[in-house]
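Structural characterization, general
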Amino acid sequence: MVTEEGAAPKGDPSLEFAPAEVKIEHCADGGMILRSPQPLLNYERQIGNVVRKADAEVPQQVFLAERKATGEWRKVTFAEARKIIDSISQSLLDRKMGQDDPVMILSQNSINHALLALGAMQIGVPVVPVSVAYSTVSTDYAKLKHVVDLTRPRLVFAENFEQFASALATLDSSLEVASVGSSTSFTSFGDLTSVVPGPQVEEAFSRVDADFVAKYLFTSGSTGMPKGVINTQKMICANQQMIAQTRVSLDPHFPVVVDWLPWNHTMGGNGIFNYVLWNQGTLYIDAGRPLPGMFDETIKNLSEVSPTVYYNVPAGLNLLVQALEKDEEFCRIFFRNLTFIGYGGASLPQDLWDRIEELGKRFAPNEVVIVSGWGATETAPTITQVHWRDPIPGVIGLPLPGAEVKFLPNGSKLEMRVRGPMVTPGYLGRPDLTRAAFDEDGFYKIGDAGRLADPDDPTKGIFFDGRVSENFKLSTGTWVTVGPVRINLLAALSPYLSDALIAGENRDFLGVLAWPNVDACKVHLDGGGEGVAVEDIVSNESLREKIRECLTQYNNLNSGSSVRVQRVLLLTEPPSFDGNEITDKGYINQSAGLQRRASLVQALFAEPPGGEVIVA
């Protein structure tokens, strides 16, 4: 039986966005700078102010919810959260902790994780949320040790001590470890939350200003060791104000959000978590992942909770749509209160976009808008945002109030650079990287490319055009622009592929490593393909022939060597989040994916090609 856990949004469910407007300054070097004509209004001094405002205005509103071992939801209201947060603050102050004494958090998203982070940040103690993979997937714990050496935490929180015991044993034994439960091996988290807050909390709270470091977020580290990105209170608070000014009517809507994105990544930890907090909403912590099998938990949660806003990476939306198309009751629950669906910096394939819109028209009682944005770990996270109806698929929006986006010619692309109060001051302990990250005008060199969706009408927004560094040359010297090739190929082979890696650097032609859309592929197998293993699906000759036909049709329209794809190799292992194949911006990481699957790239270009390779 499907039941609804989430409450309907309060107020008028219709969407009201700020106007789609942009100012353009043309530069002598052939570039241009885009800005919002809307000035950035005043924003909070620090994140703790937002918690206290929610406690004063909606104390009984549920702020956080997570599954208990029994399957029921544990819920914490804003009033309960404020009390625990202040107790944690006092516990940290009793340890004489401040700006130079971070709290490191190894655990997955959880209520305890959130409350510890808020309790630390409101008194000027930075938090360091670390990828769980550094402690559980790694065998040498090199990245974890690197993060510890760089941040020098005073306290490490591991919610499940046994899960992280091996990793913790490799760290300095003098580090204080906190965990849930009772043991001589660690400090009980209950001890941190049971302390009665004294006047020291208010004194420390009042000293925290916009320039205080709130957290250190670490980049994926797909090449070399992760970089510690400084996130200040100003970055976090300014960015939420920037977003609020483009979504006029959503602030009083008390959003209900079900989300899995990890808080050691900027989109989950800054974008979504802070959006819920700023708008006094409810965040249901989803333990699912956008991977076959693991996505079942997400479906279970969304079958009980009707979100008002839903975010996911394109791979997750693909799995969600497949589940929705099979279950009308699930559709009614999911769309009951929905206002908009947001996705990451990658472009949704047109087929997936159309399927989402069709479901929304059938099951949503109110208008549902598909929106996207663009940002980075260094921008807390949002720079541009779609804030209008009927956007062009692939558009990442326009600059938010206070943000500036500079376009600079770079080869065949326009490199984007950004400036504004949401941009990091730099990298922890790496002044060399900090200097290299900014140009002479103070713009952060984000490494992404973009272009106007309609040069004659800039208010249509910006197209994300891939990473500047992901483009490559064939052996002939011909440049390959990866972003458009990937998008057009996925559209041509829809619905059989869910995503792809474009390969061919220093090769004679282009080849593709592609993830099949398993459910869509099953439909085309005899008997519907029920119970068929992924390995059998990708080797099915009728399906391979269908993909070959679609590939031939694509090549007939794209005959140039920089766009023509001659070979496809279907993958059975899904893209790995912990392996950095899915970035924190929500799109496929070309360099990490190709590096991680180097042996398959070799097989793709082998002469003669093996039987597993589909040749156009």
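Provided above is the structure to which this section pertains.
1. What about the overall build of the protein chain?
On a plain count of helices and strands, the protein chain comes out with 21 helices and 28 strands. Expected size for 616 residues packed as a compact globule is a radius of gyration near 25 Å; at 24 Å, the protein chain falls within 12% of this value. For the protein chain, the spread of C-alpha atoms along the three principal axes comes to 75 × 60 × 55 Å. Pairs at least 24 apart in sequence give 68% of the contacts found in the protein chain among residues at least 6 apart. Roughly 23,700 Å² of accessible area belongs to the protein chain as shown, and the carbon and sulfur atoms make up 49% of that amount. Between the centroid of the 54 positive side chains of the protein chain and the centroid of its 74 negative side chains there is a distance of 3 Å.

2. Concerning the packing of aromatic side chains
Considering all chains together, one arrives at 13 aromatic pairs under this definition. Judged by centre distance (5.1 Å) and plane angle (45°), the ring pair of F157 and F189 falls under tilted. One end of the pair, F157, is in strand 7 (residues 155-157); the other, F189, is in helix 7 (residues 189-193), and 32 residues separate them in sequence. Pair check on accessibility: F157 and F189 agree, each one buried. Aromatic pair Y275 and Y311: ring centres 6.3 Å apart, planes at 80°, arrangement edge-to-face. Of this pair, Y275 sits in helix 10 (residues 266-278) while Y311 sits in strand 14 (residues 309-312), placing them 36 residues apart in sequence. Take Y311: its relative accessible area is 8%, and that puts it in the buried class. Counting every residue linked through ring pairs, the aromatic cluster contains F63, F78, W263 and F273.

3. Observations concerning the layout of surface pockets
Considered as a void within the structure, the second largest pocket measures approximately 850 Å³ in volume. Along its surface, the second largest pocket is lined by 39 residues, and P292, L319, Q322, V518 and D519 are the ones closest to its centre. Of all elements in the fold, only helix 11 (295-302), helix 12 (314-324), strand 25 (497-503), strand 26 (510-516), helix 17 (518-523) and helix 18 (534-539) reach the threshold of two or more residues within the lining of the second largest pocket.

4. Examining the sheet that holds strand 25
Across the sheet, four strands lie side by side as 25-26-27-28; this open sheet has mixed pairing. Sheet topology places strand 25 and strand 28 (613-615) at the edges, where each strand pairs with a single neighbour. Neighbour-to-neighbour, the strand axes of this sheet turn through a mean angle of 30°, independent of strand direction. Across three bridges, strand 27 (residues 565-570) lies against strand 28 in antiparallel orientation. Within the sheet, the bridge partner assigned to L569 lies in strand 28 and is V613.

5. Quick look at the state of the cysteines
Cysteine pairs can be linked by a disulfide, which is a covalent bond between their two sulfur atoms. Counted by the stated rule, this structure contains zero disulfides. Left unpaired, C521 is separated from the closest cysteine sulfur, that of C550, by 10 Å. C521 sits in the buried class, given a relative accessible area of 0%.

6. Here we look at the environment of A491
Among the structural elements, A491 can be located in helix 16 (residues 482-492). When its relative accessible area of 40% is taken as the criterion, A491 is described as partly exposed. Expressed as a C-alpha distance, the spacing of A491 and Y554, which sit 63 residues apart in the sequence, is 9.3 Å.

7. Quick look at the pairing of strand 27
Burial analysis of strand 27 places five of its six residues in the buried class, the great majority of the element. Sheet analysis places strand 26 next to strand 27, joined by five bridges and oriented parallel. Directly across from V512, in strand 27, lies its bridge partner V568.

8. Regarding unusual backbone geometry
Most peptide bonds take the trans form, and the phi angle of most residues other than glycine is negative. Residue P381 is bonded to the preceding A380 through a cis peptide linkage, with omega at -5°. Secondary-structure assignment places P381 in the loop between strand 16 (369-375) and strand 17 (382-385). Omega for the bond connecting S494 with P495 falls within 30 degrees of zero, at 5°, which places this linkage in the cis form. Along the chain, P495 turns up in the loop between helix 16 and strand 25. Located in the positive-phi region is Q280, a residue other than glycine, with phi close to 55°. Relative to the assigned elements, Q280 resides in the loop between helix 10 and strand 13 (282-285). We note that A380 has phi near 65°; this positive angle belongs to a residue other than glycine. When you line up the elements, A380 lands in the loop between strand 16 and strand 17.

9. Points about the nonpolar core
Across soluble globular proteins, nonpolar side chains have a tendency to be buried as a group. In this structure, L92, V103, L118, F273, L277 and W374 are the most contacted members of the largest nonpolar core, which totals 90 residues. Top element by residues in this core is helix 3 (residues 111-121). It accounts for eight residues. In contact with F273, not counting residues within four places along its chain, are F63, L64, A114, L118, W263, G268 and L283. Counting 30 residues, the second-largest nonpolar core is a separate cluster that includes A323, L338, Y343 and F363.

10. Comments concerning the sheet that holds strand 21 (residues 444-452)
What the six strands build is an open sheet, ordered 1-2-19-20-21-22; its pairing is antiparallel. The open sheet has two edge strands, strand 1 (23-26) and strand 22 (462-467), and neither has a second partner. Each neighbouring strand pair of the sheet contributes to a mean axis angle of 35°, computed without reference to strand direction. In terms of strand pairing, strand 20 (residues 413-419) meets strand 21 through three bridges, oriented antiparallel. Looking at strand 21, one finds that R417 is bridged to K445.

Each value, and the rule that gives it
- Residues numbered from 1 in each chain as written.
- Predicted model: local features only at pLDDT ≥ 70, side-chain atom pairs only at ≥ 80, totals over all residues.
- Heavy atoms only, no water.
- Helix = DSSP H or I, 4+ residues; strand = E, 2+ residues; numbered from the N terminus.
- Rg over C-alpha atoms; globule rule 2.2 N^0.38 Å.
- Contact = heavy atoms within 4.5 Å.
- Areas by Shrake-Rupley, 256 points an atom, 1.4 Å probe, with all protein chains shown as cover.
- Lys, Arg positive; Asp, Glu negative; His and termini not counted.
- Charge placed at Lys NZ, Arg CZ, Asp CG, Glu CD.
- Phe/Tyr/Trp six-rings, centres within 6.5 Å; stacked < 30°, edge-to-face > 60°.
- Buried < 20%, exposed > 50% of the residue type's maximum accessible area, 1.4 Å probe, protein only.
- 1 Å grid on protein atoms, 1.4 Å probe; cavity = no way out; pocket = protein on both sides within 12 Å on 5 of 7 lines; lining within 4 Å.
- Points joined across faces, edges and corners; volume = space filled by probe spheres on them.
- Pairing = 2+ DSSP bridges.
- Axes fitted to C-alpha atoms, helices over the stretch in contact; angles between N-to-C directions.
- Disulfide = S-S within 2.5 Å.
- Core = buried A, V, L, I, M, F, W, Y, C linked by side-chain atoms within 4.5 Å.

Shape descriptors only; they carry no functional weight alone.
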